[in-house]
Amino acid sequence: VSGGSIQLESGEGTATSSGTMILMSANAGSSGSSGHLIFSSGTAKSGNSGAVLIGSGSATAGSGGDVRIAVGSGTSGVGGFACLNAGRSTVMTGGKMSIMSGEGTATSSGHVTILSSNSGASGTSGKLVFSSGITTSGNSGSVYIGTGAATAGAAGSVVVSVGSGTSGSQGVMKLSSGRSSVATGGLISVASGEGTATSSGSILITSSNVGASGGSGKLVFSSGTAVGGNSGALCLSSGSSTAGSGGAVLVTVGSGTSGSGGTMSVASSRSTVHSGGAVQIVSGEGTATSSGRISLFTSNSGTSGGSGLLVFSSGSTCSGNSGGMSVGSGIATGGRGGTVCITSGSGTSGASSCILVSAGRSVGMTGGAITYITGEGTATSSGMVSISTANGGTAGPSGRLVFSSGSAKSGNSGCVSFGSGISTVGRGGSVQISVGSGTSGASGQLCVAAGRSTLMTGGKLTMTSGEGTTTSSGCIQIISANVGDVGSSGRLVFSSGSALAGNSGKVWLGSGAASVGSGGCVSISVGSGTSASGKSLSIIAGRSTVATGGLISISNGEGTATSSGTIILTSSNAGIAGSSGALRFSSGSALTGNSGGMVLATGASSGGRGGAVLISVGSGTSGIGRFAVVDAGRSTTNSGGLIDIITGEGTASSSGRLSILSANGGASGSSGLLVFSSGSTLSGNSGELRFGSGASSAGSGGSVS
């Protein structure tokens, strides 16, 4: 059976307090310690040892009494410690330790406060350690800090904070999961409270506000370093939503009132042996509608200064190619690809900023190319490339367009090519260069100029129409535009440039050779008009101040198998009233030498006869017929010019006949008079008139009748 009980009770106070019970060891002497107080149940061999209960009694009309366990104070050495230890077991789980505040059945339950005492004038307050014990072959125990559940209110807060101080850097708060030498380290999970009917709780991680000087504390979210594997990933994201939109993720730098604003940097990882890490920004997918938008822009500037710069650039390299940069819209399977738009913002003062597209520079090879290509239309037309300046405002012109290759120091500058692409089933597209119309002043010029050279021949300018491999080649038309209500249409000038020490360049107007057909016509004509005289057509050879002037040569086309072509010089037919135009063949006048001769002749023939030379006056239906005059030159100091009319020589038979006769008379009237007469003189003899036949060396002289 059980051993006997010992019960110590103080005296009852039926009207007031019961008596106090004090169990203590006596005070120590001048040396030594006061005696121990041990409250312990005895040991047990096969059953449980006895419990030790320390408590105050219950009160029906007041509060239960306090239970205090305190270590006495001392004046030297470390203060004594208070230790609460649950029971040890060699074969089962060790004993549990529970510290629980008093229940408040009608109001709040009591506080549980665990704290170290305040420190003295020097030193620090004591540490608080909440830790489970170590293990040799199993998991160590968990540590739970939390508030209880509430059925009709909010659950209590859990606050872990470091105390404030007045000197030096303040204490660190560290949350660290378990370390493992053979497997993955422990997880740290921070989760806000679930809201089963409304929103879940927020998680706020902030450094405290700064004082009068200094900066607020840094926030560092980083995975640890790795020696032989990959370092851990870092994910910032909002959760998925089944009936709403996913939450926003916002990373911002705080505003300030002095100095430059703080920098935000997103940098992927560096690698010493492989490619560096990628940075990828992807908007949210819209499975039923559009995906989300990505906006990269700098903030608006203040009252002075400019808005921030946007730089999209790949990094520099030491021995390889720098990275490419692609700006484009995605592929669309049931619609069209999105637009890519690069614009410079508008402004209200000064010249607006420019857009510069510049390819890469190379110190040893060709610089980078710039290529503009429109979108391919696999079933219809490809897209249009439109390069234009914006419309001018109320004052000032629209901007210039400059298409130019760069200058060169020791080689040729680059070509500029304007052309349309090849077409396999249709025709090549047109190339059109035009100057815009205007409403005041002379319209702008269109100037095509080949390259200038200071040492060699200048550049050539060639205009070639399109080849027609099975039919005609294309036409080249150079025309000035039609005139308006008043004024003249524009001039056309075909001229080589002037020369200082050499010959000026030639001007050729001609059609090409034809191997199976005839060469094309060359036609130069003056346009018709409805008032005043028609305009002149002038062909003038070059003037020389020291030598003979230039030659004008008009030759018809050679006929290698048949006749050569005819040359016809005629004035146009007259209208209802007036005469047809005169034809004048004359050499120019001379100041100190002879004026030029004029020869009308047909060419020699090696297998036939020479062609006829015919000078005749046209017929008319009213008035006397016009006359034909052959007049030799007049001289004021010597004899006048000679007129010789000689028939053609017949080297094997008779020479040609010379007939001078008037035409037959009509139905009434006489045939025309023939007058052979020398001219009159003022102070000398008039000229002789001789009629005779030539001498004959082997026959008789010819008759004169």
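Throughout what follows, the structure given in this document is the object of discussion. (Residues numbered from 1 in each chain as written. Predicted model: local features only at pLDDT ≥ 70, side-chain atom pairs only at ≥ 80, totals over all residues. Heavy atoms only, no water.)

So, about the overall build of the protein chain. Each helix and strand counted, the protein chain has zero helices and zero strands in total. A compact globule built from 705 residues would reach a C-alpha radius of gyration of about 27 Å, whereas the protein chain, at 60 Å, exceeds it by more than 25%. In terms of principal-axis extent, the alpha carbons of the protein chain reach across some 200 × 55 × 50 Å. Excluding contacts between residues fewer than 6 apart, the proportion of contacts in the protein chain whose partners are at least 24 apart in sequence is 0%. Taken as a whole, the protein chain presents about 67000 Å² of accessible surface, with 50% of it coming from carbon and sulfur. For the protein chain, the separation between the mean place of its 27 positive charges and that of its 14 negative charges on side chains is 12 Å. (Helix = DSSP H or I, 4+ residues; strand = E, 2+ residues; numbered from the N terminus. Rg over C-alpha atoms; globule rule 2.2 N^0.38 Å. Contact = heavy atoms within 4.5 Å. Areas by Shrake-Rupley, 256 points an atom, 1.4 Å probe, with all protein chains shown as cover. Lys, Arg positive; Asp, Glu negative; His and termini not counted. Charge placed at Lys NZ, Arg CZ, Asp CG, Glu CD.)

Further remarks concern the pattern of salt bridges. Within this structure, the stated rule accounts for two salt bridges. A salt bridge links glutamate 688 to arginine 690, with the shortest nitrogen-to-oxygen separation between them at 2.8 Å. Both residues of the pair, glutamate 688 and arginine 690, count as exposed. (Salt bridge = Lys/Arg side-chain N within 4 Å of Asp/Glu carboxyl O. Buried < 20%, exposed > 50% of the residue type's maximum accessible area, 1.4 Å probe, protein only.)

Time to look at the environment of serine 271. Look at serine 271 and you get partly exposed, because its relative accessible area is 31%. In sequence terms serine 271 and alanine 288 are 17 residues apart; their C-alpha atoms lie 40 Å from each other. Polar contacts involving the side chain of serine 271 include one to the main-chain amide nitrogen of valine 273, which spans 3.4 Å. Within polar-contact distance, the side chain of serine 271 engages the backbone nitrogen of histidine 274 at 2.9 Å. (Polar contact = N/O pair within 3.5 Å; in protein donor to acceptor, adjacent residues only side chain to side chain.)

Let's shift gears to the packing of aromatic side chains. One pass over the full model with this rule turns up two aromatic pairs. Relative to phenylalanine 691, the ring of phenylalanine 676 has its centre 5.6 Å away and its plane inclined at 85 degrees; by these criteria the two rings are edge-to-face. (Phe/Tyr/Trp six-rings, centres within 6.5 Å; stacked < 30°, edge-to-face > 60°.)

Turning to the state of the cysteines, a few remarks are in order. Summed over the entire model, instances satisfying the criterion amount to zero disulfides. Looking at cysteine 415, it has no disulfide partner, and the nearest cysteine sulfur is the one in cysteine 447, 19 Å off. (Disulfide = S-S within 2.5 Å.)

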